[in-house]
Amino acid sequence: MDLSTTIAGVRFPSCFMNAAGARCVTGDELDALGRSRSAAIVTKSMTLAPRDGNPEPRYYGFPAGSINSMGLPNLGYLAYARIIPELRKFGKPIIASVAGFSEEDFVIIAKVINESRPDLIEVNLSCPNIPGEPQIGYDPDVSARLLKRVRNVVSVPMGVKLPPYFDPAHQERMAQVLEGVGVQFLSLINSVGNGLVVNPDEERVAIKPKGGFGGLGGPLIKPVALANVRAFWKLFGGRLPIIGVGGVVNGTDAFEHFLCGASAVQVGTALVEEGLGVFERLENELAMLLARKGYASPLACRGNLKEL
Ligand code: DHB
């Protein structure tokens, strides 16, 4: 079964890759992704300065999903600008995830990272874990201004990682913004921000930063992810490639993302919990499912979700 896919003109050897943030901070982690069956190497969202991130514990996994408030631990953009050319040897696409604390940060980072020639740049408008900083993706006007400026300094295909939206009006407004700024792909969704996981035995929160509040991932967010993939697929009439992110733990989860309109999927919580072997398992599970259903490839079922 051919599980390869194409996003914004870039060919991926399969349709499963890491989600930004999952096992992709250090040079060693990025190398390990290169050697694994991940279809791409997606970097941790990078900031101007290197960061240690929030105090630990800052990630907690449980059967229904995960909560994290990492606080953007990363090596700083100059380190990734050096590392990205070295990752070329793995012969798979490299996606640089760009973040920042101001519009200016995003522009500086995007410009320098663009020169290190990743295959794609994913602009992260949806980090929910910085105390005092609202998610940019929840402000359409700020998003529009920022994306226009970043677009001007980026020549590789540029996409956007969006937060989950819970109202069709918000999805429609963001789609209008994206139409106007030359975005070439979407990664949907980032974690469901500012959830709270409680340990009733200990009568305490699960993670230390922000009083226990953090971004939710894993199986519990899959319906929210699928809803956003479907909504944006429809809003763009299937013309804008979507990377589905949220709750992909098995081949069926990926199939559901493809039915909703995804062209590939990223794996976050399941990669953190299971390790790099997750990619081969997901490939096998999806290949068996597609074969059983008579689909020749993931793209053959893309968007085919039936309504009642
Ligand atoms: C972090 C979490 C995110 O969901 C994100 O998009 C970027 C950074 C973090 O806490 O490190």
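The coordinates are above.
Residues numbered from 1 in each chain as written. Predicted model: local features only at pLDDT ≥ 70, side-chain atom pairs only at ≥ 80, totals over all residues. Heavy atoms only, no water.

Participant: Just to check I follow, could you spell out the sheet that holds strand S11 (residues 192-196) for this structure?
Facilitator: Whether parallel or antiparallel, the strands of a sheet pair through hydrogen bonds between backbone atoms. Within the open sheet, the 4 strands sit side by side as S5-S6-S14-S11. Their pairing is antiparallel. With one partner strand each, in any of the chains shown, strand S5 (59-62) and S11 form the two edges of the open sheet. Shown here is a sheet whose adjacent strand axes are inclined to one another by a mean of 35°, direction ignored. As judged from the 4 bridges shared by S5 and strand S6 (residues 65-68), these two strands associate in the antiparallel manner. Bridging from a neighbouring strand, tyrosine 60 pairs with isoleucine 67 of S6. (Pairing = 2+ DSSP bridges. Helix = DSSP H or I, 4+ residues; strand = E, 2+ residues; numbered from the N terminus. Axes fitted to C-alpha atoms, helices over the stretch in contact; angles between N-to-C directions.)

Participant: In this structure, what is going on with the site of the ligand? I would like to understand it.
Facilitator: Neighbouring the ligand are 14 residues; Gly71, Leu72, Asn124, Asn129 and Asn190 lie closest to it. The separation between an oxygen atom of the ligand and a polar side-chain atom of asparagine 129 is 2.8 Å. Within the contact set of the ligand, an oxygen atom lies 2.6 Å away from a side-chain nitrogen or oxygen of asparagine 190. When the free accessible area of the ligand is taken as 290 Å², the share hidden by the protein chains comes to 93%. Looking at the shell around the ligand, its residues break down into 5 nonpolar, 8 polar and 1 charged. (Near = heavy atom within 4 Å. Polar contact = N/O pair within 3.5 Å; in protein donor to acceptor, adjacent residues only side chain to side chain. Areas by Shrake-Rupley, 256 points an atom, 1.4 Å probe, with all protein chains shown as cover. Nonpolar A, V, L, I, M, F, W, Y, C, P; charged D, E, K, R; others polar.)

Participant: Where do I start with helix H5 (residues 168-179) in this structure?
Facilitator: With 12 residues, H5 should cover 16 Å at 1.5 Å per step; its first-to-last C-alpha distance of 16 Å lies within 8% of that length. For H5, the complete set of buried residues consists of Gln171, Met174, Ala175, Val177 and Leu178. For H5, the buried positions fall inside an angular range of 160° around the axis, keeping them on one side. Next to the buried residues of H5 lie helix H4 (140-153), strand S9 (158-162), strand S10 (185-188) and helix H6 (222-235). (Expected span 1.5 Å × (residues − 1). Buried < 20%, exposed > 50% of the residue type's maximum accessible area, 1.4 Å probe, protein only. Arc of directions from axis to C-beta. Contact = heavy atoms within 4.5 Å.)

Participant: It is not clear to me how the packing of helix H3 (residues 103-115) against H4 should be interpreted in this structure. Could you clarify?
Facilitator: To describe two helices that pack against each other, one gives the angle between their axes and the distance between the axes. Two elements in contact, H3 and H4, have axes whose closest approach is 9 Å; the angle formed by their N-to-C orientations is 25°. Considering the angle they form, H3 stands roughly parallel to H4. Once H3 is placed against H4, the crossing between them reads as right-handed. Residues Glu103, Glu104, Phe106, Val107, Ala110, Lys111 and Asn114 of H3 touch H4, and the partners they reach there are Arg145, Leu146, Arg149, Val150 and Val153. The class makeup of the residues in the contact of H3 with H4 is 6 nonpolar, 1 polar and 5 charged. (Parallel < 35°, antiparallel > 145°, perpendicular 65-115°, else oblique. Left-handed = near helix turned anticlockwise from the far one by under 90°.)

Participant: I keep staring at the nonpolar core and nothing clicks. Help me out?
Facilitator: Grouped burial of nonpolar side chains is what soluble globular proteins tend to show. Of all hydrophobic cores here, the largest spans 93 residues; its most connected members are Phe16, Leu147, Leu162, Leu178, Leu186 and Phe232. Ignoring anything within four residues of it in the chain, the contact list for phenylalanine 232 reads Leu162, Tyr165, Gln171, Met174, Ala175, Leu178, Leu186, Leu188 and Ile242. (Core = buried A, V, L, I, M, F, W, Y, C linked by side-chain atoms within 4.5 Å.)

Participant: Would you take a moment to explain the pattern of salt bridges for this structure?
Facilitator: Pairs can form between side chains of opposite charge whenever their charged atoms are close. The tally for this structure, following the rule as stated, stands at 12 salt bridges. As a salt-bridge pair, arginine 37 and glutamate 283 come within 3.0 Å of each other at their nearest N and O atoms. Here arginine 37, found in the loop between helix H1 (27-35) and strand S4 (41-42), pairs with glutamate 283, found in helix H9 (residues 278-293); they are 246 residues apart in sequence, far enough to count as distant. A relative accessible area of 9% means that glutamate 283 is categorised as buried. Salt-bridge contacts for glutamate 104 lead to arginine 149; the nearest nitrogen and oxygen are separated by 2.8 Å. With glutamate 104 in helix H3 and arginine 149 in helix H4, this pair connects stretches of sequence that are 45 residues apart. Here the salt bridges do not stand alone but share partners, grouping Glu103, Glu104, Arg145 and Arg149 into one network. (Salt bridge = Lys/Arg side-chain N within 4 Å of Asp/Glu carboxyl O.)

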